[in-house]
Amino acid sequence: MTSTRAVTEIEIALDTALVDVPVAGSEGIGHRVAELDAAEEFPAPFVDLLDAFGLPAYYVPTAWGGAVEDHELLLRLWRTVARRDLSTVIAHGKTYLGAASVWIAGDAGQAAATAARVLGGARIAWALSEPDHGADLLNGESTATAHDTGYRLDGVKWPINNATRARYLTVLARTGKAGTGRGQSLFLVDKAALAPGTWRTLPKEPTHGIRGVDISGIAFQDAELPASALLGAEGTGVETVLRALQLTRTLCAALSLGAGEHALRLAAAFAAGRVIQRRPLLDRAHPRATLARCAALLAAAESAALVSGRSIHALTGEMSVISAVVKAVAPALTDVILGELAELLGARSFLTDVYAHGAFQKLWRDHQIVSVFDGSTPVNRGALVQQFPRLVKEFAAGTVDVDGLAEAVSIGGAPGPLDRAALALVSRRGCSLVQSLPRLAASLTRSAPDGLAAHATALAATAGEVHELMAGVAPAARPPMAAYELAAAYELCYAGAACLHTWSAEPHREEPLWENGLWVRAALRALRARLAATLRLPVPGAEAGDDRIDDALAGHVAAAVRVGGPVTPFGTPMLPADRS
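Residues numbered from 1 in each chain as written. Predicted model: local features only at pLDDT ≥ 70, side-chain atom pairs only at ≥ 80, totals over all residues. Heavy atoms only, no water.

Section: the overall build of the protein
Stage number 1. Secondary structure summary: the protein contains 19 helices and 10 strands in total.
Stage number 2. Against the compact-globule benchmark of 25 Å for 580 residues, the protein has a radius of gyration of 23 Å, which places it among compact chains.
Stage number 3. Its C-alpha atoms put the protein at 75 × 60 × 40 Å along the principal axes.
Stage number 4. Burial statistics for the protein: of 580 residues in total, 59% are counted as buried.
Stage number 5. Taking all contacts inside the protein whose residues are at least 6 apart in sequence as the whole, residues at least 24 apart take part in 79%.
Stage number 6. A total accessible area of about 21600 Å² is found for the protein, and carbon and sulfur atoms account for 55% of it.
Stage number 7. Placing the 52 positive and 59 negative side-chain charges of the protein at their respective mean positions leaves the two points 3 Å apart. (Helix = DSSP H or I, 4+ residues; strand = E, 2+ residues; numbered from the N terminus. Rg over C-alpha atoms; globule rule 2.2 N^0.38 Å. Buried < 20%, exposed > 50% of the residue type's maximum accessible area, 1.4 Å probe, protein only. Contact = heavy atoms within 4.5 Å. Areas by Shrake-Rupley, 256 points an atom, 1.4 Å probe, with all protein chains shown as cover. Lys, Arg positive; Asp, Glu negative; His and termini not counted. Charge placed at Lys NZ, Arg CZ, Asp CG, Glu CD.)

Below you can see the structure in the form of C-alpha coordinates.
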(Lines give C-alpha, C1' and ligand atoms only; values in the text may rest on other atoms or scores of the structure.)
Protein backbone atom coordinates (compact mmCIF):
# COMPACT_ATOMS: atom_id res chain seq x y z
CA MET A 1 0.00 0.00 0.00
CA THR A 2 1.20 3.50 -0.77
CA SER A 3 -0.01 7.01 -0.13
CA THR A 4 0.80 10.46 -1.42
CA ARG A 5 3.17 10.99 1.49
CA ALA A 6 4.89 7.65 1.04
CA VAL A 7 5.27 8.19 -2.70
CA THR A 8 6.87 11.59 -2.15
CA GLU A 9 9.25 10.22 0.47
CA ILE A 10 10.44 7.46 -1.87
CA GLU A 11 10.98 9.94 -4.70
CA ILE A 12 12.99 12.25 -2.44
CA ALA A 13 15.06 9.32 -1.19
CA LEU A 14 15.89 8.32 -4.75
CA ASP A 15 16.80 11.88 -5.73
CA THR A 16 19.05 12.13 -2.68
CA ALA A 17 20.78 8.89 -3.62
CA LEU A 18 21.36 10.13 -7.18
CA VAL A 19 22.90 13.40 -6.03
CA ASP A 20 25.05 11.67 -3.41
CA VAL A 21 26.51 9.04 -5.77
CA PRO A 22 30.33 9.16 -5.56
CA VAL A 23 31.68 11.00 -8.59
CA ALA A 24 35.32 11.45 -7.70
CA GLY A 25 37.23 13.75 -9.99
CA SER A 26 34.17 15.61 -11.25
CA GLU A 27 32.07 18.53 -10.08
CA GLY A 28 28.94 16.55 -9.26
CA ILE A 29 26.26 14.54 -11.00
CA GLY A 30 25.63 17.09 -13.75
CA HIS A 31 29.28 17.19 -14.74
CA ARG A 32 29.63 13.41 -14.53
CA VAL A 33 26.58 12.86 -16.74
CA ALA A 34 28.10 15.21 -19.32
CA GLU A 35 31.44 13.37 -19.16
CA LEU A 36 29.82 9.99 -19.77
CA ASP A 37 27.80 11.37 -22.67
CA ALA A 38 30.81 12.98 -24.32
CA ALA A 39 32.73 9.71 -24.03
CA GLU A 40 29.70 7.69 -25.23
CA GLU A 41 30.21 5.62 -22.10
CA PHE A 42 27.54 3.46 -20.46
CA PRO A 43 26.15 5.24 -17.33
CA ALA A 44 27.33 2.41 -15.09
CA PRO A 45 27.80 4.46 -11.87
CA PHE A 46 24.16 5.54 -11.93
CA VAL A 47 22.76 2.21 -13.11
CA ASP A 48 24.62 0.52 -10.24
CA LEU A 49 23.18 3.09 -7.84
CA LEU A 50 19.65 2.27 -8.99
CA ASP A 51 20.34 -1.39 -8.29
CA ALA A 52 21.66 -0.53 -4.84
CA PHE A 53 18.61 1.65 -4.18
CA GLY A 54 16.41 -1.34 -4.91
CA LEU A 55 14.67 -0.06 -8.03
CA PRO A 56 14.50 -3.56 -9.61
CA ALA A 57 12.12 -4.60 -6.84
CA TYR A 58 9.54 -2.21 -8.33
CA TYR A 59 9.77 -4.13 -11.63
CA VAL A 60 8.59 -7.39 -10.05
CA PRO A 61 5.00 -8.21 -9.01
CA THR A 62 4.52 -8.64 -5.27
CA ALA A 63 3.37 -12.21 -5.92
CA TRP A 64 6.94 -13.03 -6.95
CA GLY A 65 8.75 -11.11 -4.23
CA GLY A 66 8.64 -7.56 -5.60
CA ALA A 67 8.23 -4.40 -3.53
CA VAL A 68 5.03 -2.43 -4.13
CA GLU A 69 3.20 -3.15 -7.36
CA ASP A 70 2.18 0.41 -8.07
CA HIS A 71 2.65 1.73 -11.58
CA GLU A 72 2.04 5.33 -10.57
CA LEU A 73 4.92 5.03 -8.14
CA LEU A 74 7.16 3.36 -10.70
CA LEU A 75 6.36 6.10 -13.21
CA ARG A 76 7.25 8.73 -10.64
CA LEU A 77 10.51 7.00 -9.76
CA TRP A 78 11.48 6.85 -13.41
CA ARG A 79 10.61 10.54 -13.73
CA THR A 80 12.90 11.26 -10.78
CA VAL A 81 15.81 9.58 -12.57
CA ALA A 82 14.93 11.01 -15.98
CA ARG A 83 15.13 14.59 -14.74
CA ARG A 84 18.77 13.84 -13.88
CA ASP A 85 19.72 11.70 -16.86
CA LEU A 86 17.53 10.07 -19.50
CA SER A 87 20.31 7.69 -20.53
CA THR A 88 20.40 6.13 -17.07
CA VAL A 89 16.70 5.37 -16.80
CA ILE A 90 16.53 4.11 -20.40
CA ALA A 91 19.42 1.75 -19.72
CA HIS A 92 18.05 0.50 -16.39
CA GLY A 93 14.33 0.49 -17.15
CA LYS A 94 14.73 -1.82 -20.12
CA THR A 95 14.68 -4.75 -17.69
CA TYR A 96 11.08 -3.89 -16.79
CA LEU A 97 10.21 -3.88 -20.48
CA GLY A 98 11.94 -7.20 -21.02
CA ALA A 99 10.26 -8.84 -18.05
CA ALA A 100 6.73 -7.50 -18.60
CA SER A 101 5.83 -10.30 -21.02
CA VAL A 102 6.88 -12.91 -18.47
CA TRP A 103 4.43 -11.56 -15.91
CA ILE A 104 1.68 -11.68 -18.55
CA ALA A 105 2.30 -15.01 -20.30
CA GLY A 106 4.83 -16.96 -18.25
CA ASP A 107 3.95 -19.90 -16.07
CA ALA A 108 4.63 -19.98 -12.33
CA GLY A 109 8.11 -21.43 -12.77
CA GLN A 110 9.14 -18.93 -15.42
CA ALA A 111 7.80 -16.00 -13.40
CA ALA A 112 9.50 -17.11 -10.18
CA ALA A 113 12.85 -17.67 -11.91
CA THR A 114 12.64 -14.34 -13.75
CA ALA A 115 11.70 -12.50 -10.58
CA ALA A 116 14.72 -13.92 -8.76
CA ARG A 117 16.97 -12.83 -11.61
CA VAL A 118 15.59 -9.29 -11.72
CA LEU A 119 15.78 -8.91 -7.95
CA GLY A 120 19.37 -10.12 -8.17
CA GLY A 121 20.26 -7.34 -10.62
CA ALA A 122 20.13 -9.28 -13.88
CA ARG A 123 19.41 -7.34 -17.08
CA ILE A 124 16.64 -8.45 -19.46
CA ALA A 125 16.32 -7.07 -22.98
CA TRP A 126 13.23 -7.05 -25.19
CA ALA A 127 14.20 -8.35 -28.62
CA LEU A 128 11.32 -7.41 -30.93
CA SER A 129 12.52 -5.31 -33.85
CA GLU A 130 14.48 -6.50 -36.88
CA PRO A 131 16.59 -4.66 -39.48
CA ASP A 132 14.05 -4.88 -42.31
CA HIS A 133 10.80 -4.80 -40.35
CA GLY A 134 11.05 -2.42 -37.37
CA ALA A 135 7.65 -2.17 -35.71
CA ASP A 136 6.03 -4.64 -38.15
CA LEU A 137 5.91 -7.47 -35.65
CA LEU A 138 3.78 -9.75 -37.81
CA ASN A 139 6.42 -10.07 -40.51
CA GLY A 140 9.58 -10.66 -38.50
CA GLU A 141 11.96 -13.12 -40.21
CA SER A 142 13.64 -14.61 -37.12
CA THR A 143 12.43 -18.20 -36.75
CA ALA A 144 12.05 -20.68 -33.92
CA THR A 145 11.76 -24.13 -35.48
CA ALA A 146 10.22 -26.79 -33.24
CA HIS A 147 11.83 -30.20 -32.83
CA ASP A 148 11.63 -33.07 -30.36
CA THR A 149 13.36 -31.35 -27.42
CA GLY A 150 12.64 -27.68 -28.03
CA TYR A 151 13.29 -25.04 -30.67
CA ARG A 152 16.10 -23.94 -32.96
CA LEU A 153 16.40 -20.16 -33.06
CA ASP A 154 17.74 -18.33 -36.13
CA GLY A 155 17.73 -14.69 -37.13
CA VAL A 156 18.80 -11.18 -36.22
CA LYS A 157 17.23 -8.78 -33.73
CA TRP A 158 18.28 -5.14 -34.12
CA PRO A 159 18.38 -2.45 -32.81
CA ILE A 160 17.89 -3.69 -29.25
CA ASN A 161 18.50 -1.80 -26.01
CA ASN A 162 20.89 -3.84 -23.81
CA ALA A 163 21.25 -6.64 -26.37
CA THR A 164 24.93 -6.94 -25.42
CA ARG A 165 24.81 -6.20 -21.69
CA ALA A 166 21.72 -8.24 -20.88
CA ARG A 167 22.11 -11.94 -20.15
CA TYR A 168 18.42 -12.64 -20.75
CA LEU A 169 16.19 -11.61 -23.65
CA THR A 170 12.52 -12.05 -24.45
CA VAL A 171 12.68 -12.81 -28.16
CA LEU A 172 9.84 -12.67 -30.67
CA ALA A 173 10.34 -15.31 -33.38
CA ARG A 174 8.22 -16.84 -36.12
CA THR A 175 6.80 -20.29 -35.44
CA GLY A 176 4.00 -20.20 -38.01
CA LYS A 177 2.97 -18.44 -41.18
CA ALA A 178 4.52 -15.02 -41.76
CA GLY A 179 2.20 -12.03 -41.66
CA THR A 180 -0.48 -13.70 -39.57
CA GLY A 181 -1.63 -12.88 -36.07
CA ARG A 182 -0.71 -16.37 -34.85
CA GLY A 183 2.57 -16.69 -36.69
CA GLN A 184 4.91 -15.41 -33.93
CA SER A 185 5.83 -16.78 -30.51
CA LEU A 186 7.73 -15.32 -27.58
CA PHE A 187 10.74 -16.98 -25.95
CA LEU A 188 12.78 -16.27 -22.83
CA VAL A 189 16.38 -16.77 -23.87
CA ASP A 190 19.36 -17.17 -21.54
CA LYS A 191 22.49 -16.33 -23.54
CA ALA A 192 24.67 -18.15 -21.03
CA ALA A 193 22.80 -21.41 -21.70
CA LEU A 194 23.32 -21.29 -25.47
CA ALA A 195 26.07 -23.29 -27.13
CA PRO A 196 29.15 -21.27 -28.13
CA GLY A 197 29.04 -20.15 -31.73
CA THR A 198 25.24 -20.17 -31.97
CA TRP A 199 24.87 -16.52 -31.14
CA ARG A 200 26.80 -13.28 -31.35
CA THR A 201 26.10 -9.72 -30.37
CA LEU A 202 26.21 -6.97 -32.96
CA PRO A 203 28.28 -3.81 -32.39
CA LYS A 204 26.89 -0.91 -30.42
CA GLU A 205 25.37 1.64 -32.76
CA PRO A 206 26.55 5.26 -32.50
CA THR A 207 23.49 7.35 -31.66
CA HIS A 208 22.68 11.06 -31.68
CA GLY A 209 21.20 10.94 -28.18
CA ILE A 210 21.49 8.42 -25.30
CA ARG A 211 25.05 8.02 -26.56
CA GLY A 212 26.22 5.68 -23.85
CA VAL A 213 23.25 3.31 -23.88
CA ASP A 214 23.82 -0.20 -25.26
CA ILE A 215 21.89 0.10 -28.52
CA SER A 216 23.16 -2.99 -30.33
CA GLY A 217 21.74 -6.26 -31.62
CA ILE A 218 22.03 -10.03 -31.51
CA ALA A 219 22.20 -12.73 -34.17
CA PHE A 220 21.24 -16.39 -33.64
CA GLN A 221 22.26 -19.36 -35.78
CA ASP A 222 21.08 -22.84 -34.85
CA ALA A 223 20.69 -21.74 -31.22
CA GLU A 224 19.00 -24.54 -29.28
CA LEU A 225 16.27 -23.51 -26.86
CA PRO A 226 14.56 -25.87 -24.42
CA ALA A 227 10.79 -26.23 -24.72
CA SER A 228 10.54 -24.39 -21.40
CA ALA A 229 11.80 -21.20 -23.09
CA LEU A 230 8.40 -20.69 -24.74
CA LEU A 231 6.30 -18.00 -23.01
CA GLY A 232 2.61 -18.81 -23.24
CA ALA A 233 1.13 -20.89 -26.03
CA GLU A 234 2.79 -21.14 -29.40
CA GLY A 235 1.49 -18.46 -31.76
CA THR A 236 0.51 -15.98 -29.02
CA GLY A 237 3.71 -13.92 -29.15
CA VAL A 238 2.30 -10.82 -30.81
CA GLU A 239 -0.77 -10.81 -28.57
CA THR A 240 1.45 -11.02 -25.49
CA VAL A 241 3.66 -8.21 -26.76
CA LEU A 242 0.65 -5.98 -27.47
CA ARG A 243 -0.62 -6.51 -23.94
CA ALA A 244 2.81 -5.83 -22.45
CA LEU A 245 3.11 -2.66 -24.53
CA GLN A 246 0.04 -1.31 -22.74
CA LEU A 247 2.17 -1.22 -19.60
CA THR A 248 5.50 -0.18 -21.08
CA ARG A 249 4.15 2.55 -23.35
CA THR A 250 2.40 4.12 -20.40
CA LEU A 251 5.53 4.17 -18.28
CA CYS A 252 7.54 5.74 -21.11
CA ALA A 253 5.69 8.96 -20.30
CA ALA A 254 7.96 9.25 -17.26
CA LEU A 255 10.90 9.91 -19.56
CA SER A 256 9.13 12.87 -21.13
CA LEU A 257 8.10 14.24 -17.73
CA GLY A 258 11.69 14.06 -16.52
CA ALA A 259 13.09 15.72 -19.63
CA GLY A 260 10.45 18.45 -19.51
CA GLU A 261 11.06 19.19 -15.85
CA HIS A 262 14.83 19.30 -16.28
CA ALA A 263 14.49 21.65 -19.24
CA LEU A 264 12.05 23.93 -17.42
CA ARG A 265 14.36 24.20 -14.42
CA LEU A 266 17.35 25.00 -16.62
CA ALA A 267 15.47 27.67 -18.57
CA ALA A 268 13.92 29.27 -15.48
CA ALA A 269 17.30 29.52 -13.75
CA PHE A 270 18.80 31.03 -16.87
CA ALA A 271 15.99 33.57 -17.27
CA ALA A 272 16.33 34.63 -13.65
CA GLY A 273 20.11 35.03 -13.85
CA ARG A 274 20.63 36.39 -17.34
CA VAL A 275 20.76 40.20 -17.18
CA ILE A 276 20.41 42.24 -20.36
CA GLN A 277 20.25 46.04 -20.23
CA ARG A 278 20.28 45.83 -16.44
CA ARG A 279 17.13 43.69 -16.34
CA PRO A 280 16.89 39.91 -15.96
CA LEU A 281 15.09 38.10 -18.77
CA LEU A 282 12.55 36.93 -16.23
CA ASP A 283 11.26 40.49 -15.90
CA ARG A 284 10.24 40.61 -19.55
CA ALA A 285 6.82 39.60 -20.83
CA HIS A 286 7.88 37.18 -23.56
CA PRO A 287 10.19 35.00 -21.39
CA ARG A 288 7.57 34.92 -18.64
CA ALA A 289 4.88 33.87 -21.11
CA THR A 290 7.18 31.17 -22.49
CA LEU A 291 7.96 29.77 -19.05
CA ALA A 292 4.29 29.85 -18.08
CA ARG A 293 3.14 28.11 -21.25
CA CYS A 294 5.80 25.42 -20.92
CA ALA A 295 4.98 24.89 -17.24
CA ALA A 296 1.30 24.57 -18.17
CA LEU A 297 1.99 21.97 -20.86
CA LEU A 298 4.24 20.05 -18.47
CA ALA A 299 1.47 20.04 -15.87
CA ALA A 300 -0.92 18.70 -18.52
CA ALA A 301 1.52 15.96 -19.50
CA GLU A 302 2.02 15.10 -15.82
CA SER A 303 -1.71 14.77 -15.18
CA ALA A 304 -2.19 12.61 -18.28
CA ALA A 305 0.76 10.38 -17.38
CA LEU A 306 -0.15 9.88 -13.72
CA VAL A 307 -3.79 9.12 -14.49
CA SER A 308 -2.64 6.67 -17.16
CA GLY A 309 -0.24 4.96 -14.78
CA ARG A 310 -3.01 4.54 -12.23
CA SER A 311 -5.37 3.33 -14.97
CA ILE A 312 -3.17 0.26 -15.39
CA HIS A 313 -4.73 -0.88 -12.11
CA ALA A 314 -8.09 0.90 -12.20
CA LEU A 315 -9.14 0.87 -15.88
CA THR A 316 -7.17 -2.13 -17.08
CA GLY A 317 -9.58 -3.06 -19.85
CA GLU A 318 -9.24 0.41 -21.39
CA MET A 319 -5.44 0.38 -21.60
CA SER A 320 -5.34 -0.35 -25.34
CA VAL A 321 -6.66 3.21 -25.78
CA ILE A 322 -5.00 4.87 -22.81
CA SER A 323 -1.49 3.55 -23.48
CA ALA A 324 -1.60 4.60 -27.13
CA VAL A 325 -2.81 8.08 -26.16
CA VAL A 326 -0.26 8.77 -23.45
CA LYS A 327 2.65 7.29 -25.42
CA ALA A 328 1.90 9.84 -28.15
CA VAL A 329 0.82 12.89 -26.17
CA ALA A 330 3.53 13.01 -23.47
CA PRO A 331 6.48 13.12 -25.91
CA ALA A 332 4.57 15.44 -28.25
CA LEU A 333 3.88 18.01 -25.53
CA THR A 334 7.43 17.71 -24.23
CA ASP A 335 8.85 18.28 -27.71
CA VAL A 336 6.85 21.52 -27.83
CA ILE A 337 8.23 22.49 -24.42
CA LEU A 338 11.81 21.77 -25.44
CA GLY A 339 11.46 23.73 -28.67
CA GLU A 340 10.11 26.81 -26.91
CA LEU A 341 12.66 26.68 -24.11
CA ALA A 342 15.49 26.23 -26.63
CA GLU A 343 14.52 29.56 -28.18
CA LEU A 344 14.56 31.16 -24.74
CA LEU A 345 18.03 29.75 -23.98
CA GLY A 346 19.40 30.70 -27.38
CA ALA A 347 22.94 29.46 -28.00
CA ARG A 348 23.04 27.83 -24.58
CA SER A 349 20.50 25.28 -25.78
CA PHE A 350 23.12 23.57 -27.94
CA LEU A 351 26.53 24.58 -26.57
CA THR A 352 28.17 21.92 -24.40
CA ASP A 353 30.51 23.86 -22.11
CA VAL A 354 28.81 27.19 -21.49
CA TYR A 355 25.77 26.53 -19.29
CA ALA A 356 25.03 23.70 -16.85
CA HIS A 357 27.56 21.35 -18.49
CA GLY A 358 25.50 21.39 -21.69
CA ALA A 359 22.62 19.65 -19.95
CA PHE A 360 19.93 21.11 -22.21
CA GLN A 361 21.42 19.95 -25.49
CA LYS A 362 21.91 16.48 -24.03
CA LEU A 363 18.37 16.06 -22.75
CA TRP A 364 17.02 17.49 -26.02
CA ARG A 365 18.99 14.91 -28.02
CA ASP A 366 18.11 12.11 -25.62
CA HIS A 367 14.39 12.86 -25.65
CA GLN A 368 14.12 12.49 -29.41
CA ILE A 369 14.14 8.69 -29.05
CA VAL A 370 11.18 8.61 -26.64
CA SER A 371 8.61 9.13 -29.37
CA VAL A 372 10.18 6.28 -31.36
CA PHE A 373 10.58 3.26 -29.13
CA ASP A 374 7.79 0.98 -27.88
CA GLY A 375 5.79 2.07 -30.90
CA SER A 376 6.37 5.42 -32.57
CA THR A 377 3.86 8.25 -32.45
CA PRO A 378 2.38 7.33 -35.87
CA VAL A 379 2.09 3.69 -34.77
CA ASN A 380 0.21 4.66 -31.62
CA ARG A 381 -2.02 7.11 -33.42
CA GLY A 382 -2.74 4.46 -36.04
CA ALA A 383 -3.74 2.05 -33.28
CA LEU A 384 -6.03 4.70 -31.79
CA VAL A 385 -7.67 5.37 -35.16
CA GLN A 386 -8.66 1.70 -35.39
CA GLN A 387 -10.73 2.18 -32.21
CA PHE A 388 -12.50 5.36 -33.38
CA PRO A 389 -15.87 3.61 -33.94
CA ARG A 390 -16.01 2.33 -30.37
CA LEU A 391 -14.78 5.65 -28.93
CA VAL A 392 -17.43 7.57 -30.86
CA LYS A 393 -20.19 5.21 -29.74
CA GLU A 394 -19.24 5.25 -26.05
CA PHE A 395 -18.71 9.04 -26.00
CA ALA A 396 -22.24 9.51 -27.35
CA ALA A 397 -23.58 7.10 -24.73
CA GLY A 398 -21.60 8.76 -21.92
CA THR A 399 -20.19 5.38 -20.87
CA VAL A 400 -18.02 5.71 -17.76
CA ASP A 401 -16.56 3.18 -15.34
CA VAL A 402 -17.32 5.43 -12.36
CA ASP A 403 -15.42 3.48 -9.70
CA GLY A 404 -12.43 2.79 -11.92
CA LEU A 405 -12.20 6.41 -12.99
CA ALA A 406 -12.39 7.64 -9.40
CA GLU A 407 -9.43 5.43 -8.51
CA ALA A 408 -7.50 6.44 -11.62
CA VAL A 409 -7.67 10.18 -10.84
CA SER A 410 -6.88 9.86 -7.11
CA ILE A 411 -3.20 10.67 -7.50
CA GLY A 412 -1.00 9.26 -4.76
CA GLY A 413 -3.63 6.91 -3.41
CA ALA A 414 -3.00 3.21 -3.01
CA PRO A 415 -3.95 1.41 -6.23
CA GLY A 416 -5.96 -1.77 -6.34
CA PRO A 417 -4.41 -5.05 -7.45
CA LEU A 418 -3.54 -5.46 -11.12
CA ASP A 419 -5.38 -8.15 -13.05
CA ARG A 420 -3.12 -8.68 -16.08
CA ALA A 421 -5.67 -11.03 -17.58
CA ALA A 422 -7.94 -7.99 -18.00
CA LEU A 423 -5.53 -6.36 -20.48
CA ALA A 424 -7.50 -6.44 -23.74
CA LEU A 425 -6.43 -5.85 -27.33
CA VAL A 426 -9.39 -3.47 -27.79
CA SER A 427 -11.37 -1.48 -25.24
CA ARG A 428 -15.02 -2.43 -25.03
CA ARG A 429 -15.81 0.62 -22.88
CA GLY A 430 -13.90 3.17 -24.93
CA CYS A 431 -12.14 5.67 -22.66
CA SER A 432 -13.92 6.63 -19.44
CA LEU A 433 -11.73 9.69 -18.86
CA VAL A 434 -12.67 11.43 -22.11
CA GLN A 435 -16.25 10.17 -22.04
CA SER A 436 -16.75 11.75 -18.61
CA LEU A 437 -15.56 15.18 -19.80
CA PRO A 438 -18.94 16.71 -20.76
CA ARG A 439 -20.51 15.73 -17.44
CA LEU A 440 -17.52 16.95 -15.46
CA ALA A 441 -17.43 20.30 -17.27
CA ALA A 442 -21.14 20.78 -16.69
CA SER A 443 -20.70 20.11 -12.96
CA LEU A 444 -18.41 23.09 -12.45
CA THR A 445 -20.25 25.95 -10.80
CA ARG A 446 -19.81 29.67 -10.63
CA SER A 447 -17.74 29.13 -7.51
CA ALA A 448 -14.97 27.59 -9.61
CA PRO A 449 -11.80 29.70 -9.99
CA ASP A 450 -11.82 32.53 -12.54
CA GLY A 451 -12.21 31.25 -16.07
CA LEU A 452 -12.00 27.55 -15.20
CA ALA A 453 -15.64 26.71 -15.94
CA ALA A 454 -15.43 28.54 -19.27
CA HIS A 455 -12.25 26.71 -20.27
CA ALA A 456 -13.76 23.37 -19.24
CA THR A 457 -17.00 24.01 -21.13
CA ALA A 458 -15.11 25.02 -24.26
CA LEU A 459 -12.85 21.94 -24.01
CA ALA A 460 -15.87 19.65 -23.68
CA ALA A 461 -17.48 21.29 -26.71
CA THR A 462 -14.33 20.78 -28.75
CA ALA A 463 -14.18 17.15 -27.62
CA GLY A 464 -17.69 16.72 -28.98
CA GLU A 465 -16.64 18.22 -32.30
CA VAL A 466 -13.61 15.94 -32.44
CA HIS A 467 -15.82 12.89 -31.96
CA GLU A 468 -18.16 14.08 -34.71
CA LEU A 469 -15.17 14.25 -37.04
CA MET A 470 -13.94 10.85 -35.83
CA ALA A 471 -17.32 9.38 -36.76
CA GLY A 472 -16.66 10.34 -40.36
CA VAL A 473 -13.44 8.32 -40.57
CA ALA A 474 -14.12 5.13 -42.52
CA PRO A 475 -12.34 1.98 -41.26
CA ALA A 476 -9.21 1.37 -43.35
CA ALA A 477 -5.96 -0.54 -43.10
CA ARG A 478 -4.16 2.67 -44.07
CA PRO A 479 -6.11 5.60 -42.60
CA PRO A 480 -5.81 9.06 -44.20
CA MET A 481 -3.58 11.70 -42.67
CA ALA A 482 -6.65 13.53 -41.37
CA ALA A 483 -7.39 10.56 -39.11
CA TYR A 484 -3.95 10.85 -37.49
CA GLU A 485 -4.58 14.54 -36.87
CA LEU A 486 -7.87 13.67 -35.18
CA ALA A 487 -5.98 11.16 -33.03
CA ALA A 488 -3.65 13.98 -32.00
CA ALA A 489 -6.66 16.13 -31.12
CA TYR A 490 -8.19 13.27 -29.11
CA GLU A 491 -4.94 13.02 -27.12
CA LEU A 492 -5.19 16.69 -26.17
CA CYS A 493 -8.80 16.17 -25.04
CA TYR A 494 -7.55 13.27 -22.90
CA ALA A 495 -4.88 15.46 -21.31
CA GLY A 496 -7.43 18.19 -20.60
CA ALA A 497 -9.83 15.71 -19.02
CA ALA A 498 -6.98 14.39 -16.87
CA CYS A 499 -6.20 17.92 -15.67
CA LEU A 500 -9.82 18.62 -14.75
CA HIS A 501 -10.25 15.32 -12.95
CA THR A 502 -7.05 15.49 -10.94
CA TRP A 503 -7.80 19.07 -9.93
CA SER A 504 -11.38 18.17 -9.00
CA ALA A 505 -10.18 15.23 -6.90
CA GLU A 506 -8.24 17.59 -4.59
CA PRO A 507 -8.85 21.22 -5.56
CA HIS A 508 -8.03 22.85 -2.24
CA ARG A 509 -4.33 22.23 -1.69
CA GLU A 510 -2.67 25.13 0.09
CA GLU A 511 0.17 25.43 -2.41
CA PRO A 512 0.93 28.21 -4.92
CA LEU A 513 0.16 26.14 -8.02
CA TRP A 514 -3.25 25.22 -6.64
CA GLU A 515 -4.25 28.69 -5.47
CA ASN A 516 -7.24 29.90 -7.49
CA GLY A 517 -6.80 26.86 -9.76
CA LEU A 518 -3.64 28.37 -11.28
CA TRP A 519 -2.14 25.26 -12.83
CA VAL A 520 -5.36 23.76 -14.17
CA ARG A 521 -6.48 27.04 -15.74
CA ALA A 522 -3.07 27.47 -17.35
CA ALA A 523 -3.06 23.88 -18.59
CA LEU A 524 -6.53 24.08 -20.14
CA ARG A 525 -5.68 27.40 -21.79
CA ALA A 526 -2.51 25.90 -23.31
CA LEU A 527 -4.24 22.70 -24.41
CA ARG A 528 -7.08 24.61 -26.06
CA ALA A 529 -4.52 26.59 -28.05
CA ARG A 530 -2.84 23.33 -29.14
CA LEU A 531 -6.22 21.88 -30.09
CA ALA A 532 -7.07 24.92 -32.20
CA ALA A 533 -3.76 24.60 -34.05
CA THR A 534 -4.26 20.86 -34.57
CA LEU A 535 -7.80 21.29 -35.89
CA ARG A 536 -6.94 24.48 -37.81
CA LEU A 537 -9.42 26.55 -35.84
CA PRO A 538 -9.12 30.20 -34.71
CA VAL A 539 -7.09 30.81 -31.57
CA PRO A 540 -9.42 30.69 -28.54
CA GLY A 541 -10.21 33.99 -26.91
CA ALA A 542 -9.10 34.81 -23.38
CA GLU A 543 -11.25 33.82 -20.43
CA ALA A 544 -11.64 35.62 -17.12
CA GLY A 545 -8.37 35.72 -15.20
CA ASP A 546 -6.18 34.58 -18.11
CA ASP A 547 -4.32 37.90 -18.08
CA ARG A 548 -2.90 37.05 -14.65
CA ILE A 549 -1.76 33.50 -15.41
CA ASP A 550 1.63 34.17 -16.99
CA ASP A 551 3.06 36.34 -14.23
CA ALA A 552 1.78 34.07 -11.46
CA LEU A 553 2.93 30.81 -13.04
CA ALA A 554 6.33 32.05 -14.26
CA GLY A 555 6.94 33.62 -10.86
CA HIS A 556 6.14 30.36 -9.11
CA VAL A 557 8.41 28.32 -11.38
CA ALA A 558 11.32 30.72 -10.90
CA ALA A 559 10.88 30.72 -7.13
CA ALA A 560 10.58 26.92 -7.01
CA VAL A 561 13.74 26.48 -9.07
CA ARG A 562 15.63 28.90 -6.83
CA VAL A 563 14.87 26.87 -3.68
CA GLY A 564 14.63 23.42 -5.27
CA GLY A 565 10.86 23.13 -4.87
CA PRO A 566 8.32 21.31 -7.09
CA VAL A 567 7.57 22.95 -10.45
CA THR A 568 4.51 20.82 -11.31
CA PRO A 569 1.29 20.18 -9.37
CA PHE A 570 2.28 16.62 -8.43
CA GLY A 571 6.04 17.09 -8.50
CA THR A 572 8.64 16.78 -5.77
CA PRO A 573 11.61 18.88 -4.64
CA MET A 574 14.89 18.58 -6.53
CA LEU A 575 18.20 18.79 -4.75
CA PRO A 576 21.04 20.87 -6.22
CA ALA A 577 22.86 18.81 -8.86
CA ASP A 578 26.37 19.92 -7.91
CA ARG A 579 26.86 20.02 -4.17
CA SER A 580 30.65 20.07 -4.09
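Some points on the pairing of strand β5 (residues 184–190)
Stage number 1. In terms of residue burial, β5 counts as a mostly covered element, since 7 of its 7 residues are buried.
Stage number 2. The alternating pattern of β5 places Q184, L186, L188 and D190 on one face and S185, F187 and V189 on the opposite face, and all of these are buried.
Stage number 3. With 7 bridges joining them, strand β4 (residues 168–174) and β5 adopt antiparallel strand pairing. From the neighbouring strand, L172 faces β5, where its bridge partner is L186. (Pairing = 2+ DSSP bridges.)

Regarding the packing of aromatic side chains
Stage number 1. One pass over the full model with this rule turns up 9 aromatic pairs.
Stage number 2. Measuring from ring centre to ring centre gives 5.7 Å for F360 and W364, while their planes differ by 70°; the resulting arrangement is edge-to-face. Separated by 4 residues within a single helix, F360 and W364 lie in helix α10 (residues 359–367), roughly one turn from each other.
Stage number 3. The exposure class of F360 is buried, given its relative accessible area of 2%.
Stage number 4. Look at W514 and W519: their rings are 5.6 Å apart centre to centre, the planes differ by 70°, and that puts the pair in the edge-to-face class. Per residue, the accessibility class of W514 equals that of W519, and both read buried. (Phe/Tyr/Trp six-rings, centres within 6.5 Å; stacked < 30°, edge-to-face > 60°.)

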